[in-house]
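Chain and residue survey
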Amino acid sequence: MNPLTNLSVIRRLVQVAAFAFLVYGSVVVGYYTADKLSVAFPALTCAYDMRSADYCTLIPFQHQMAHRVGESISNGTSLLMGLLPVVTTLGTFLLLFVLLNKAFCGWICPLGFFQELLGVIGQKLGLQQRESLAPGIVDRLRPVKWLMLGVLVFSLPLLSGLGFASHDLVGAYCAICPSRIMTTLAVGDTSQLYFDSANPTVMVLSVSADFLFGAMVALGLTTRQPFCRICPLLALHAAFRKVGLARLVKNPSPRCGKCGLCAKACPMDIREIHTTEKQGDITFADCTLCGRCVEFCPDQDVLQLKYATFPVFSASPRYFKQRKQAQKRWESWTLRGWWSRRRSPATERA
Amino acid sequence: MKTLLAGLLASGCCVSVALAQPPAHGDAAAPAAETGQKPAGGHAGHGGGRRAKMLMLANADGARITYWKPDLTRMELSAEHGHLTLPPTGMDNYHALVVEQDWGPEKDTLIRYEYSFGKPSGHSPAELTAAVKTELEVVPDPIPREHYRYMAADRWSFLVRYQGQPLAGTPVLLATSQGSRLEAVTDAAGRVTFRLPDDFPEVEAGRENNTPAELSVTASHREDGLEFVTVLTAPYHADPAHWQSFPTGVAIAGAGFLVGGLVGFRRRHDNKKRGSA
Ligand code: SF4
Ligand code: SF4
Ligand code: SF4
């Protein structure tokens, strides 16, 4: 299949461009562009990366919860004035979010791309890939993202601003965010991978961050999007997914019941794409609008990626056939296979 | 005490301005590990970046004091009894304080970039650093971005500009309030790079437990029989490497990698067993 008609290839190209811009962008557009851009990016692109061209919305949220909301309550000043910056940040986030909806995850997020890259590396190394997580694990993991958002992004910073929790929890989520470590390492800055011995709070936070990062890298080699499943931005997106213009649409067919290829293809293991009989927008809470389910749906127009009401990409038997072959070819080459092929003729010669 | 600079140096500190109030930050400001100094005994006070800031300015009688906002509009300020109040401008981002003292044959300038919080200015601080604010200037190149700051042991560059043009081959002195002195000469692009001295005499664990010190970057230039002396001052902070360990961080990430790998392996293994059952 012509790679330029392969949605996954197109998406990879977009991801590479977005990664370059969001991690190294200041090299091109200037060191200070982040000041002028949104500071409310709907994907994990990091403020700690001194080369980045914009950064994620979680950082202003945490600081505003602590320094504006928390402090306005504890100082007895107007709560409304404290909430105003939070509302402004949310507004800016929504302005951007409406454009691409959850596709910020599947197409733009540097950490999402990094995890996919780990998957590619794992597959090419010949490590056996995990097709889907067991439904039980998926169900247990799903609420974690809401906890991450509620506790680490909103509650702990707020408690810190109120004076009830350590000052070190102002940026509680950032303190454990793997994107902070990944993006800074990507620009050659090792200052964010550390064990902090200053006090018990930062000790726990730094150990959690480093451990989580290491575990994410290892899991990413065999399991699809391990961190995305508990990412607080996924939860924030989920809360507003109905306002976004990009969406996943289903026109259920009677054949769906026996198929389930879409759910197998889904990197977030959303089995409901297969089982739902709902007609219309089915953008699920965990969806990243990557479009893989559409690619691997063999039935005409049953799944579609739509922008507002316009279909952008629709399932079709022809595409499915070509895509499946392309996938087979792509997966057939691994370093391990290449190595054993290289060795066996040598053995035969000997 | 002929010059502004001399007078300032004579004040017992290498720098002329001293923050009378700890730096504070607001909403989109530094992350936890990067937060400003904690005011003694509490969490309140971080909104201080929105209020007027008081600076002490020595030996500046008769000096011209200009305060540049991020949008390059200016206001004239005056010091009273050595105290200078930087009014809140309602604008977010770096502002530039420029103190010019004309002694006749010598012209001294002191520049300090102060972050002030408010509504987004819509202007990049690159515009502020690029603007010609006085004849001879030491310009931070780059200026620390909002989630960063000058820290001991970090490398930072400065440009020396005369009338907006880079000055090559000019000696530059970096001095700190803790007594370190480094010298360098600007390259063809007028740039010098220093590794900031790691000279905090006693470092406590935790950033908020270390008061920032002051650094000054000084250059001079002679033109048409006039001597120009310029100094850029800024706070700098203790190197967190004193209480943060990179090797231990790597080891913990390694442990995470092993555990993650094991979990992945075990799940595959279970899967296979399930599959073969
Ligand atoms: S650490 Fe994570 S949450 Fe914080 S700014 Fe960086 S990417 Fe966003
Ligand atoms: S869910 Fe994944 S892709 Fe989306 S913001 Fe989080 S890390 Fe990025
Ligand atoms: S439901 Fe489809 S578009 Fe959404 S994450 Fe799964 S495969 Fe991607």
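What this report covers is the structure whose coordinates are included nearby. Keep in mind that what you see is a predicted model, and the values were worked out from it rather than measured. Throughout, residues of each chain are indexed from 1 in the direction in which the sequence is written. Whichever chain is written first is A, and whichever ligand is written first is 1; the rest continue in order. Confidence filtering applies because this is a predicted model: local features only for residues at pLDDT of at least 70, side-chain atom pairs given and counted only at 80 or more, and all residues used for totals across whole chains, interfaces and linings. Computation of side-chain values: all heavy atoms of the structure, hydrogens and water removed.

1. What about the overall build of chain A?
Keep this limit in mind: For helices the rule is a DSSP run of H or I covering at least 4 residues; for strands it is a run of E covering at least 2, with both sets numbered from the N terminus onward. Only C-alpha atoms enter the radius of gyration, while the globule expectation follows 2.2 Å times N to the 0.38, with N the number of residues. Relative accessibility under 20% of the residue-type maximum defines a buried residue, over 50% an exposed one, and the middle range a partly exposed one, all with a 1.4 Å probe and only protein chains included. By definition in these notes, contact holds between two residues if any of their heavy atoms fall within 4.5 Å.
Each helix and strand in chain A was counted, giving 18 helices and five strands. For 350 residues, the compact-globule formula gives about 20 Å, and the C-alpha radius of gyration of chain A, at 22 Å, lands near that figure. For the C-alpha atoms alone, the extent of chain A along its principal axes is close to 75 × 55 × 45 Å. For chain A, the residues scored as buried account for 56% of the 350 residues in total. By sequence separation, contacts in chain A at least 24 residues apart represent 71% of the contacts at least 6 residues apart.

2. As for the sheet that holds strand S4 (residues 303-307) of chain A
Residue and element names in this part refer to chain A. We apply this condition: By this definition, two strands are paired if DSSP reports at least two bridges between them.
Strand order across the open sheet formed by four strands is S3-S2-S4-S5, with antiparallel pairing between neighbours. Looking at which strands have only one partner, the edges of the open sheet turn out to be strand S3 (280-281) and strand S5 (310-314). Across two bridges, strand S2 (residues 246-250) lies against S3 in antiparallel orientation. Residue pairing in the sheet places Val249 in a bridge with Asp281 of S3.

3. Looking at helix H9 (residues 144-162) of chain A
Residues and elements named next belong to chain A. Short version of the rule: Expected span of a helix, by definition, is 1.5 Å for each gap between consecutive residues, and there is one gap fewer than residues. Here the bend at a residue means the angle between the axes of two seven-residue stretches, the one that ends at it and the one that starts at it.
The terminal C-alpha atoms of H9 lie 25 Å apart, and with 19 residues this matches the ideal 27 Å at 1.5 Å per residue to within 8%. Of all the bends found along H9, the most pronounced is centred on Ser155 and spans about 35 degrees, while Pro157, a proline, follows it within four residues. Turning to H9, its buried residues are Lys145, Met148, Leu149, Leu152, Val153, Pro157, Ser160 and Gly161. Two residues or fewer past H9, Gly163 is found with a positive phi of approximately 95 degrees.

4. Description of the packing of helix H4 (residues 58-74) of chain A against H9 of chain A
Residue and element names in this part refer to chain A. Rule in force here: Interaxial angle, 0 to 180 degrees, is taken between N-to-C directions of lines fitted to C-alpha atoms, where a helix line uses only the stretch in contact. Handedness of a helix crossing follows the sense of rotation of the near helix relative to the far helix, less than a right angle counterclockwise being left-handed and clockwise being right-handed. For this classification, the nonpolar set comprises Ala, Val, Leu, Ile, Met, Phe, Trp, Tyr, Cys and Pro, the charged set comprises Asp, Glu, Lys and Arg, and every other residue, Gly included, is treated as polar.
In contact at an axis separation of 7 Å, H4 and H9 are set at 35 degrees when each is read in the N-to-C sense. For the pair H4 and H9, the sense of crossing is right-handed. Every residue of H9 that contacts H4 at Leu58, Phe61, Gln62, Met65, Ala66, Val69, Gly70, Glu71, Ile73 and Ser74 is listed here: Leu149, Leu152, Val153, Phe154, Pro157, Leu158, Gly161 and Leu162. A class-by-class count of the residues in the contact of H4 with H9 yields 13 nonpolar, four polar and one charged.

5. Things to note about the nonpolar core
Here is the rule: Definition of nonpolar core: a set of buried residues of the types Ala, Val, Leu, Ile, Met, Phe, Trp, Tyr and Cys, connected through side-chain atoms within 4.5 Å. These domain boundaries are the output of an automatic or database domain assignment.
The biggest cluster of nonpolar side chains holds 77 residues, and the ones touching the most others in it are Leu44, Leu58, Tyr173, Phe227, Leu248 and Ile273 of chain A. Counting the residues that make up this core, at least three belong to each of domain 1 (10-238) and domain 2 (245-331) of chain A. Counting residues in each nonpolar core, the second largest holds 40 residues, with Trp156, Phe158, Ala213 and Leu215 of chain B among its members.

6. Brief notes about the site of ligand 2
Here is the rule we go by: Any residue with at least one heavy atom within 4 Å of a molecule or strand is counted as near it.
In the vicinity of ligand 2, the residues found are Leu44, Cys105, Cys109, Leu111, Gly112, Gln115, Cys228, Cys231, Leu233 and Leu234 of chain A. Looking at side-chain class alone, the shell around ligand 2 contains eight nonpolar, two polar and no charged residues.

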